[in-house]
Amino acid sequence: VVSRMIGVGQIRSTNNVDYNFEQCKIVAEKAQRQNVKLLCLPECFAFIGEEGSAALSIAEPIVFGEGKATQTGPLLSKYRDLAKATGLWLSLGGFHELDISSESKQKMFNTHLIIDDQGDIRALYRKIHLFKVNLPTVKLDESVTINPGSQMVVCDSPVGRLGLTTCYDLRFPDLYRNLRDAGAQIMLVPSAFTVPTGKDHWEPLLRARAIENECYVVAAAQYGQHNPKRASYGHACIVDPWGNMTVQLSDKEPDLGVAEIDLEYITDVRQRIPNWEHRRPDIYSSEVVVYAQNNQ
């Protein structure tokens, strides 16, 4: 019997990269003991500073794809070594990749990487939708230091075909529909949700993406007070294709939740409610008829 055990991690990253690595290592070694095949770590797993620009101090360029030999800096290489040492595939959701194409070298990508159990990069997704919020208690604008990506990405893995997304992407269902069209069975949503948005929106959004796409949704999460200016909601979880919350972590870090991915269950759900067959893209692309109110 093929094991398709997936792990979802919850940590509290700081501006100390060594501390953060040790927290991730604790979760990885726990996952290894539980026969996990793919471990998902949250957005900003390697670093969270008080200001967005602080991450430039640890950002590293990544050379990957298009026939090039993969090259990574010392920080990311530590996580590649961790994958190899534990025999785990890793979803590293939200690494600060230095954008070497930017003129000033003062911009980064928020990059979601899939690392295999040999420490090799299998896929790279640069976050498309950049977070901006202006709430009474939280003000964040990711675009100040981050450039958006331009490609949607799926990746085969030992647990199934993965759809790669990151945090704020969760609010954009068109992305997930395209990933499902590309064969995604498991949507990965590594996150660092704020507390105000998390308590009201986190679970409904995750369950909605699972239900409408009839996929598993696996959401690793940052939790707790990172510094005086930043806190994250936590509640890392796994949602099944019917929308059931099969795993949800509580107020603890570092922590790990595990679940078996059942590919036959995905097929069963899609046969019971074949909503994909009922989509009408031929109509969706046409103009909407507007019956406006007559204010005469």
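The text that follows walks through the structure, step by step, so that each part is easy to find. (Residues numbered from 1 in each chain as written. Predicted model: local features only at pLDDT ≥ 70, side-chain atom pairs only at ≥ 80, totals over all residues. Heavy atoms only, no water.)

### With respect to the overall build of the protein
And then number 1: Along its length, the protein carries six helices and 18 strands.
And then number 2: For the protein, whose C-alpha radius of gyration is 19 Å, the value lies close to the compact-globule estimate of 19 Å for 296 residues.
And then number 3: Projected onto its principal axes, the C-alpha coordinates of the protein cover approximately 65 × 55 × 45 Å.
And then number 4: The buried share among the 296 residues of the protein stands at 52%.
And then number 5: Across the protein, contacts joining residues at least 24 apart in sequence account for 68% of those joining residues at least 6 apart.
And then number 6: For the protein, the accessible surface area stands at approximately 14,000 Å², while carbon and sulfur atoms represent 49% of it.
And then number 7: Separation of charge centres in the protein, based on 31 positive and 36 negative side chains, amounts to 1 Å. (Helix = DSSP H or I, 4+ residues; strand = E, 2+ residues; numbered from the N terminus. Rg over C-alpha atoms; globule rule 2.2 N^0.38 Å. Buried < 20%, exposed > 50% of the residue type's maximum accessible area, 1.4 Å probe, protein only. Contact = heavy atoms within 4.5 Å. Areas by Shrake-Rupley, 256 points an atom, 1.4 Å probe, with all protein chains shown as cover. Lys, Arg positive; Asp, Glu negative; His and termini not counted. Charge placed at Lys NZ, Arg CZ, Asp CG, Glu CD.)

### Details of the packing of aromatic side chains
And then number 1: If you walk through the whole model with that rule in mind, you get six aromatic pairs.
And then number 2: We note Arg-126 situated over the ring of Phe-109; from NZ or CZ to the ring centre the distance is 4.6 Å.
And then number 3: A cation over an aromatic ring shows up here: Arg-272 above the ring of Trp-242, its NZ or CZ 4.6 Å from the ring centre. (Phe/Tyr/Trp six-rings, centres within 6.5 Å; stacked < 30°, edge-to-face > 60°. Lys NZ or Arg CZ within 6 Å of the ring centre and 35° of its normal.)

### Here we look at the side chain of Arg-230
And then number 1: Among the secondary structure elements, Arg-230 is positioned in strand 15 (residues 230-233).
And then number 2: Buried within the structure, Arg-230 lacks any salt-bridge partner; its nearest side chain of opposite charge belongs to Glu-43, at an N-O separation of 5.4 Å.
And then number 3: Apart from the residues within four sequence positions on either side, Arg-230 is in contact with Ile-48, Leu-140, Ala-192, Gly-224 and Gln-225. (Salt bridge = Lys/Arg side-chain N within 4 Å of Asp/Glu carboxyl O.)

### Here we look at helix 2 (residues 74-86)
And then number 1: With 13 residues, helix 2 should cover 18 Å at 1.5 Å per step; its first-to-last C-alpha distance of 18 Å lies within 8% of that length.
And then number 2: Buried within helix 2 are the following residues: Leu-75, Leu-76, Tyr-79, Arg-80, Leu-82, Ala-83 and Thr-86. Relative to the axis of helix 2, the buried residues are bounded by an arc of 150 degrees and lie together on one face. Seen from the open side of helix 2, the exposed residues pointing more than 90 degrees away from its buried face are Pro-74, Asp-81, Lys-84 and Ala-85.
And then number 3: Summarising the contacts, the buried residues of helix 2 are in contact with helix 1 (17-33), strand 4 (68-71), strand 5 (89-98), strand 6 (108-115) and strand 7 (121-126).
And then number 4: One or two residues past the end of helix 2 sits Gly-87, with phi positive at roughly 70 degrees. (Expected span 1.5 Å × (residues − 1). Arc of directions from axis to C-beta.)

### Observations regarding helix 4 (residues 195-213)
And then number 1: In a regular helix each residue adds 1.5 Å, so 19 residues correspond to 27 Å; helix 4 covers 26 Å between its end C-alpha atoms and thus fits that length.
And then number 2: Of the residues trailing helix 4, Glu-214 is marked for its positive phi of about 50 degrees.

### A few points about the sheet that holds strand 10 (residues 153-157)
And then number 1: Reading across from one edge, 10-11-12-13-16-17 is the order of the six strands in this open sheet, with mixed pairing throughout. Sheet topology places strand 10 and strand 17 (245-248) at the edges, where each strand pairs with a single neighbour. On average, each strand axis in the sheet is tilted by 20 degrees relative to the strand beside it, whichever way the strands run.
And then number 2: Relative to strand 11 (residues 160-164), strand 10 runs antiparallel, the two being bridged by five bridges. By the bridge assignment for strand 11, Ser-157 is matched with Gly-160.
And then number 3: Each of strand 10, strand 11 and strand 12 (186-188) is contacted by helix 3 (residues 173-181), which is oriented at about 140 degrees to strand 12, the strand it contacts most. (Pairing = 2+ DSSP bridges. Axes fitted to C-alpha atoms, helices over the stretch in contact; angles between N-to-C directions.)

### Re the nonpolar core
And then number 1: Of all hydrophobic cores here, the largest spans 46 residues; its most connected members are Ile-6, Ile-186, Trp-202 and Leu-206.
And then number 2: Leaving out residues up to four positions away in the same chain, Leu-206 has contacts with Leu-170, Val-189, Val-217, Ala-219, Cys-237 and Val-239.
And then number 3: Among the nonpolar cores identified, the runner-up in size contains 35 residues, and Ile-11, Ala-31, Val-36 and Leu-130 belong to it. (Core = buried A, V, L, I, M, F, W, Y, C linked by side-chain atoms within 4.5 Å.)

### Thoughts on the environment of Val-289
And then number 1: Turning to its location among the elements, Val-289 is positioned in the segment after helix 6 (281-284).
And then number 2: Relative accessible area serves as the criterion here: at 61%, Val-289 is assigned to the exposed category.
And then number 3: Expressed as a C-alpha distance, the spacing of Val-289 and Gln-151, which sit 138 residues apart in the sequence, is 32 Å.

### A closer look at the pairing of strand 6
Along a regular strand, successive side chains alternate from one face of the sheet to the other.
And then number 1: With respect to burial, strand 6 is a largely interior element, eight of its eight residues being buried.
And then number 2: Alternating positions in strand 6 separate into two faces, Met-108, Asn-110, His-112 and Ile-114 on one and Phe-109, Thr-111, Leu-113 and Ile-115 on the other, with burial throughout.
And then number 3: Of the strand pairs in this sheet, strand 5 and strand 6 are connected by eight bridges, and their pairing is antiparallel. Counted as the bridge partner of Gly-93 is His-112 from strand 6.
And then number 4: Of the strand pairs in this sheet, strand 6 and strand 7 are connected by five bridges, and their pairing is antiparallel. Residue pairing for strand 7: Leu-113 is matched across the bridge by Leu-124.
And then number 5: Here strand 6 folds back onto strand 7, and the loop between the two strands holds five residues, one of which, Gly-119, carries a positive phi near 85 degrees.

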